[in-house]
Amino acid sequence: MNENGSFMDWLKLRWKMISVSDTRFFRFIWIVAISITLVTVLISAGVTASNNKKLKAEEEQKAAEEVAAKEEEEAAMLATITDATATDATSDVDAWMTILISASSPLPEGYEVPEFTELRGGKRVDSRIYPELQRMFDDARAQGYSPYVDTAYIDNAGQQELFDEKVQEFINSGMTDEQAKVEAGNCVAQPGTSEHQSGLAIDVYSDAGDEDQTALWTWLNENSYKYGYIVRYPENKVDITGVSYESCHLRYVGVDAANIMFINGWCLEEFLTNR
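Let us look at the structure shown here.

Cut-offs applied
Residues numbered from 1 in each chain as written. Predicted model: local features only at pLDDT ≥ 70, side-chain atom pairs only at ≥ 80, totals over all residues. Heavy atoms only, no water. Helix = DSSP H or I, 4+ residues; strand = E, 2+ residues; numbered from the N terminus. Polar contact = N/O pair within 3.5 Å; in protein donor to acceptor, adjacent residues only side chain to side chain. Salt bridge = Lys/Arg side-chain N within 4 Å of Asp/Glu carboxyl O. Buried < 20%, exposed > 50% of the residue type's maximum accessible area, 1.4 Å probe, protein only. 1 Å grid on protein atoms, 1.4 Å probe; cavity = no way out; pocket = protein on both sides within 12 Å on 5 of 7 lines; lining within 4 Å. Points joined across faces, edges and corners; volume = space filled by probe spheres on them. Nonpolar A, V, L, I, M, F, W, Y, C, P; charged D, E, K, R; others polar. Contact = heavy atoms within 4.5 Å.

1. Observations concerning the side chain of H196
Phase 1 of the analysis: Along the chain, H196 falls in the loop between helix 5 (177-185) and strand 4 (201-206).
Phase 2 of the analysis: A distance of 2.9 Å separates a polar side-chain atom of H196 from the backbone oxygen of A152.

Structure follows, in structure tokens:
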């Protein structure tokens, strides 16, 4: 009696029985029976509809929750991988990694490297960048290269000495003191504006000759970002960095920031502008 056709057939049959019933009593009984049946069918239909509506609402809510969870997961992934605003560069704790050091942005007064790690030949770097530096050099050697750090940390006095030597070199070539200082500034950073004073920068060369050195620089250009290092002064960014291309000069910025810069083809200035 759940199908419409079967119920109508049953109802017609019952009505026919009422019409042929001999007494009012039997007619009354059949009318009551039919009424009860109709009420039962209507209630059953209402309950079924209500259950179907509730089930549909639950399915829609579950689907909405799944979509929201997926969107939240994707947003979290994007924030940790490709969104520069969520990198270590935006953290006050880790801001040292991406500190900008240039002629127009000198090191903060009183800046000090918290702790040094000494390398071969007495060179020193900020201890925080050493583990990835060692890992990068180990992998480079496994590829057949022979890297070594030629220049690392330089204190203020040492940077002043380098600058003065370059000034004197230009004076000896016939320039005035003023001309020599300007020209020297194009070659050597003035004290307080050199990345080497941060302990975060290194100049890398090869022990195995010029050919290996060129191949090493190519490998570093393609792989250093995996270890948190960037070629700080790219050939195609001179107009932004204000410094001539230096294939040997690597700067530690942290793995997250380095990955973002590599993916987008940014130098440090562009990364800091777009973070």
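Now, onward.
2. Here's the deal with the pattern of salt bridges
Phase 1 of the analysis: Using the criterion set out here, one finds eight salt bridges in the structure.
Phase 2 of the analysis: Linking R128 and D126 is a salt bridge whose minimum nitrogen-to-oxygen distance equals 2.7 Å.
Phase 3 of the analysis: Relative accessible area serves as the criterion here: at 34%, R128 is assigned to the partly exposed category.
Phase 4 of the analysis: The exposure class assigned to D126 is buried, which follows from its relative accessible area of 1%.
Phase 5 of the analysis: For R232, the salt bridge is made with E195, and the minimal N-O distance between the two is 2.9 Å. Separated by 37 residues along the polypeptide, R232 in the loop between strand 5 (229-231) and helix 7 (238-241) and E195 in the loop between helix 5 and strand 4 bring together distant segments of the chain.
Phase 6 of the analysis: For R232, a relative accessible area of 1% gives the class buried.

3. With respect to the layout of surface pockets
Phase 1 of the analysis: One number sums up the size of the largest pocket: a volume of about 730 Å³.
Phase 2 of the analysis: Lining the largest pocket are 32 residues, and of these C187, V188, A189, V243 and E246 sit closest to its centre.
Phase 3 of the analysis: Those elements giving two or more residues to the lining of the largest pocket turn out to be strand 3 (147-151), helix 4 (156-172) and strand 4.
Phase 4 of the analysis: If one sorts the elements of the lining of the largest pocket by residue count, helix 4 sits on top with four residues.
Phase 5 of the analysis: Looking at the lining of the largest pocket residue by residue, the class counts come to 11 nonpolar, 13 polar and eight charged.
Phase 6 of the analysis: Roughly 330 Å³ of internal volume is contained in the second largest pocket.
Phase 7 of the analysis: Lining the second largest pocket are 18 residues, and of these N221, V231, P234, F262 and W266 sit closest to its centre.
Phase 8 of the analysis: Classifying every residue of the lining of the second largest pocket by side-chain character gives 12 nonpolar, four polar and two charged.

4. As for the environment of M136
Phase 1 of the analysis: As for its position among the elements, M136 is in helix 3 (residues 130-142).
Phase 2 of the analysis: Residue M136 is classed as buried on the basis of its relative accessible area of 0%.
Phase 3 of the analysis: Between the C-alpha atoms of M136 and P147, which are 11 residues apart in sequence, the distance is 9.6 Å.
Phase 4 of the analysis: The contact partners of M136, leaving out residues within four places of it in the chain, are W219, L220, S224, Y227, Y229 and L250.

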